[in-house]
Structure formats: structure tokens, C-alpha cells
Amino acid sequence: MSRRRTRPTAPAAPGASSARCTVTVCRGCCCGTPKVPVLDHAAQLAGLKAELGQVAHVRAVNCLDACEQANVIVIQPSSAGRAAGGRPVWLGLVNDPDASADITAWVRAGGPGLAEPPDILDLYAFQPSRRVRGTLGD
């Protein structure tokens, strides 16, 4: 029997995908459209990408099927956050630049599992159905 040599696994580099939160911004049939007229949707997404690009993955996706909560943003924990008990947080009715700023501050502090969210985000949090949560692999 031969012995296989295995290479030691290097720790994830800072900024590696598992070391970052993922911020998923819905931009489907209702979110990010004129159906929600009170917000500059392009500016919201661009601002999140500019503010969080170095510390989180920010991505826009098609419809998350929670249209009654438009605009929806989901904060998924980093691997360290998940190991600490963090779970994805769904935020709805994020139609205010101040809410985006609160989200940015929380993600910069570590996000789910690693930092307490600002209390004001409790007003935006909601729990979608299991079927809807499955779209992100929660």
C-alpha cells in the first residue's frame, strides 16, 4: 500500500469568499423597479458595493419571491459568523438610505453571528417561507 502525501491546507486568506458575508440585493419584478418609487435603486446597489466591496460579497439577484417586502436585502454570515451561530437575516422594505447605512455598518462590524445588528434593523427583519429561503440555500 502506498502512502499518499497530502498537502497541508492553508488557512483562508483575508478576503477569501468564506471569510466574507454575502449581501444579496433583490432586483426582480418589484424590488429595484418603479413599483417602489421612493428610492434610487441604482444608487442603493452602487452604494452597497462601494461601501462593502472590500469586506463582503455584494450581489444583485433576480426575484427572491418576497415581493410584499420590496426592497429585500439578505445578509448571509461569513463562515466564522455561521460557526458562531449566525444565520441569514432577511430585511424587507429597505427603501431608505439610512437603512442601507445601518446595514453597511453592521456588515463592516462582522455581520450575523459576529456583531449585533443596530436595533433599528429589527423593524426591517422578516422571516420568509421555507420555500423562499431555499432560493438562497439558507
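Scroll up to find the structure.
Caption draft 1: Main features of helix H1 (residues 41-52). Taking 1.5 Å per residue as the helical rise, H1 with its 12 residues ought to reach 16 Å, and the 17 Å between its terminal C-alpha atoms agrees with that figure. Taken together, the buried positions of H1 are occupied by His41, Gln44, Leu45, Leu48 and Leu52. Down the axis of H1, the sector holding all buried residues measures 95°, keeping them to one side. Facing away from the buried surface of H1 by more than 90 degrees, the exposed residues are Ala42 and Ala50. Those residues of H1 hidden inside the fold are in contact with strand S1 (21-26), strand S2 (56-61), strand S3 (73-76) and helix H3 (97-109). Among the residues of H1, the N-terminal cap falls to Asp40, whose side-chain oxygen and the backbone nitrogen of Ala42 are separated by 3.3 Å.

Caption draft 2: A look at the pairing of S3. Because side chains alternate across S3, one face comprises the buried residues Ile73 and Ile75, and the other comprises Val74 and Gln76, equally buried. Of the strand pairs in this sheet, S1 and S3 are connected by 4 bridges, and their pairing is antiparallel. Residue pairing for S3: Thr22 is matched across the bridge by Gln76. Strand direction decides the pairing type here: S3 and strand S4 (residues 89-91), joined by 3 bridges, are antiparallel. Across the sheet, residue Val74 finds its bridge partner in S4, namely Trp90.

Caption draft 3: The arrangement of the environment of Ala19 in detail. Secondary-structure assignment places Ala19 in the segment before S1. Here Ala19 falls in the partly exposed class, since its relative accessible area comes to 43%. Separated by 37 residues in the primary sequence, Ala19 and Ala56 place their C-alpha atoms 8.5 Å from one another. Apart from residues no more than four positions distant in its own chain, Ala19 is found in contact with Ser78 and Ser79.

Caption draft 4: Inspection of the environment of Cys30 at higher detail. On the secondary structure map, Cys30 appears in the loop between S1 and H1. Separated by 32 residues in sequence, Cys30 and Asn62 place their C-alpha atoms 9.8 Å apart. Leaving out residues up to four positions away in the same chain, Cys30 has contacts with Lys35, Val36, Cys67, Ala70 and Asn71.

Caption draft 5: Summary view of the nonpolar core. In terms of nonpolar packing, the biggest core is built from 19 residues, with Val23, Ile73, Ile75, Ile103 and Val107 touching the most fellow members. Of all the elements in the fold, those that place two or more residues in this core are S1, H1, S2, S3 and H3. For this core, the element with the most residues is H3, which contributes 4 residues. Membership of the second largest hydrophobic core comes to 12 residues, among which are Ala66, Ala70, Val72 and Val74.

Rules and cut-offs
Residues numbered from 1 in each chain as written. Predicted model: local features only at pLDDT ≥ 70, side-chain atom pairs only at ≥ 80, totals over all residues. Heavy atoms only, no water. Helix = DSSP H or I, 4+ residues; strand = E, 2+ residues; numbered from the N terminus. Expected span 1.5 Å × (residues − 1). Buried < 20%, exposed > 50% of the residue type's maximum accessible area, 1.4 Å probe, protein only. Arc of directions from axis to C-beta. Contact = heavy atoms within 4.5 Å. Polar contact = N/O pair within 3.5 Å; in protein donor to acceptor, adjacent residues only side chain to side chain. Pairing = 2+ DSSP bridges. Core = buried A, V, L, I, M, F, W, Y, C linked by side-chain atoms within 4.5 Å.

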